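Single-letter residue listing:
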Amino acid sequence: MGQGQLRGVVALDGPSGTGKSSVARKLASALDARYLDTGSMYRAVTLAVLRAGVDPDDAGKVTEIALGARLVVATDPLRPGIFLGEDDVSGEIRGPEVTLAVSPVSAVPAVRELLVGQQRAIIADALDSVGGIVVEGRDIGTVVAPDAPLKVYLTASADARAQRRTRQDVAAGRTSTVDAVLADVRRRDNYDSSRAASPLRAADDAVEVDTTSLDLAGTVGAVLELVRQRGMRVTG
Ligand code: DC
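Residues numbered from 1 in each chain as written. Predicted model: local features only at pLDDT ≥ 70, side-chain atom pairs only at ≥ 80, totals over all residues. Heavy atoms only, no water.

Trainee: Residues and numbers for the overall build of the protein chain, please.
Mentor: Secondary structure assignment for the protein chain yields nine helices and 10 strands. Expected size for 236 residues packed as a compact globule is a radius of gyration near 18 Å; at 17 Å, the protein chain falls within 12% of this value. Counting all 236 residues of the protein chain, 51% fall into the buried class. The long-range fraction of contacts in the protein chain, counting pairs at least 24 apart against all pairs at least 6 apart in sequence, stands at 78%. Of the roughly 10,800 Å² that the protein chain leaves accessible, carbon and sulfur atoms contribute 51%. Averaging the coordinates of the 28 positive side-chain charges in the protein chain and doing the same for the 31 negative ones gives two points 3 Å apart. (Helix = DSSP H or I, 4+ residues; strand = E, 2+ residues; numbered from the N terminus. Rg over C-alpha atoms; globule rule 2.2 N^0.38 Å. Buried < 20%, exposed > 50% of the residue type's maximum accessible area, 1.4 Å probe, protein only. Contact = heavy atoms within 4.5 Å. Areas by Shrake-Rupley, 256 points an atom, 1.4 Å probe, with all protein chains shown as cover. Lys, Arg positive; Asp, Glu negative; His and termini not counted. Charge placed at Lys NZ, Arg CZ, Asp CG, Glu CD.)

Structure representation (structure tokens):
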């Protein structure tokens, strides 16, 4: 309602459970823009690895699977999704098996190179067709779209993140407890920030937004204000 249309790329990075996906989707739909969830691409490759019976720690075999996987990403923020070929895997990639195996898969440099190339092509297509896209992940501001005119790095306390993830799991019908999720959040934070290839970190020119005590509307409002300040909206 009256937000105008987004021009350019908004890069939204941060660890899991900071509300990135919900914020990115809301922002993209408020601004008539496309939405790209890059984590879903690492998850889909991980699912392909598991389906092939390949060890997620075997970088060579993981790379072969990634090269052979045909990822199709839907970027409508009202109906996002991801396919392996014809197979809609949007639900299955959120399961515990994939969540457990995605860190080693996403640490393989050849997998990152391949997916970053695909992500840049999706971004270029969105800029050509609708003019704007909100991209969420871990390395968007640092690697995928370092020239994005707005980079936001979302943070929140580990407790707040674990509580959010647990609520999402329960809402999606997956069994989950805050303690187990907190342990998983910490494990993945550690892994994602200490890996050699594109570790999770804020770009030097990213604006940090702490969402610990913000709800979804509050966080979206804060990012919309940054979009406005950067002159990235066109009206009419
Ligand atoms: O955002 P998510 O939890 O769906 O991401 C799944 C995993 O993929 C996460 O553990 C880190 C990895 N990831 C990444 O390395 N780079 C990205 N741009 C997005 C996700």
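Trainee: So what's going on with the site of the ligand? Residues and values would help.
Mentor: The ligand sits among 15 residues. The nearest are R43, R112, R138, D139 and R195. Within the side chain of R112, a nitrogen or oxygen atom sits 2.8 Å from an oxygen atom of the ligand. A distance of 2.8 Å separates an oxygen atom of the ligand from a polar side-chain atom of R195. When its residues are assigned to classes, the shell around the ligand shows two nonpolar, four polar and nine charged. (Near = heavy atom within 4 Å. Polar contact = N/O pair within 3.5 Å; in protein donor to acceptor, adjacent residues only side chain to side chain. Nonpolar A, V, L, I, M, F, W, Y, C, P; charged D, E, K, R; others polar.)

Trainee: Talk me through the packing of helix α3 (residues 59-68) against helix α5 (residues 109-129); I want residue IDs and the actual numbers.
Mentor: Across the interface, α3 lies against α5 with an axial gap of 9 Å and an inter-helix angle of 15 degrees. If you check the angle between α3 and α5, you find them roughly parallel. Considering only the axes of α3 and α5, their crossing is left-handed. In this structure, α3 uses V62, T63, A66 and L67 to contact α5, whose residues at the interface are A110, V111 and L114. (Axes fitted to C-alpha atoms, helices over the stretch in contact; angles between N-to-C directions. Parallel < 35°, antiparallel > 145°, perpendicular 65-115°, else oblique. Left-handed = near helix turned anticlockwise from the far one by under 90°.)

Trainee: Can you explain the pairing of strand β4 (residues 71-74)? Please cite residues and give values.
Mentor: Of the two faces of β4, the one holding L71 and V73 is buried and the one holding V72 and A74 is not buried anywhere. Two strands pair when backbone bridges link them, and β4 and strand β5 (residues 81-84) are joined in this way by four bridges, in the antiparallel orientation. Bridge pairing in β5 places V73 opposite I82. (Pairing = 2+ DSSP bridges.)

Trainee: Could you give an account of helix α9 (residues 216-229), naming the residues involved and the relevant values?
Mentor: Across its 14 residues, α9 extends 20 Å between first and last C-alpha, which sits within 8% of the 20 Å expected from 1.5 Å per residue. The set of residues buried in α9 consists of T219, V220, V223, L224, L226 and V227. Along the axis of α9, the buried positions cluster into a sector of 155 degrees, meaning they face one direction only. The secondary structure elements touched by the buried residues of α9 are β1 (5-6), β2 (8-13), α1 (20-30), β8 (150-155), β9 (207-210) and β10 (233-234). G231 lies just past α9 and shows a positive phi near 65 degrees. (Expected span 1.5 Å × (residues − 1). Arc of directions from axis to C-beta.)

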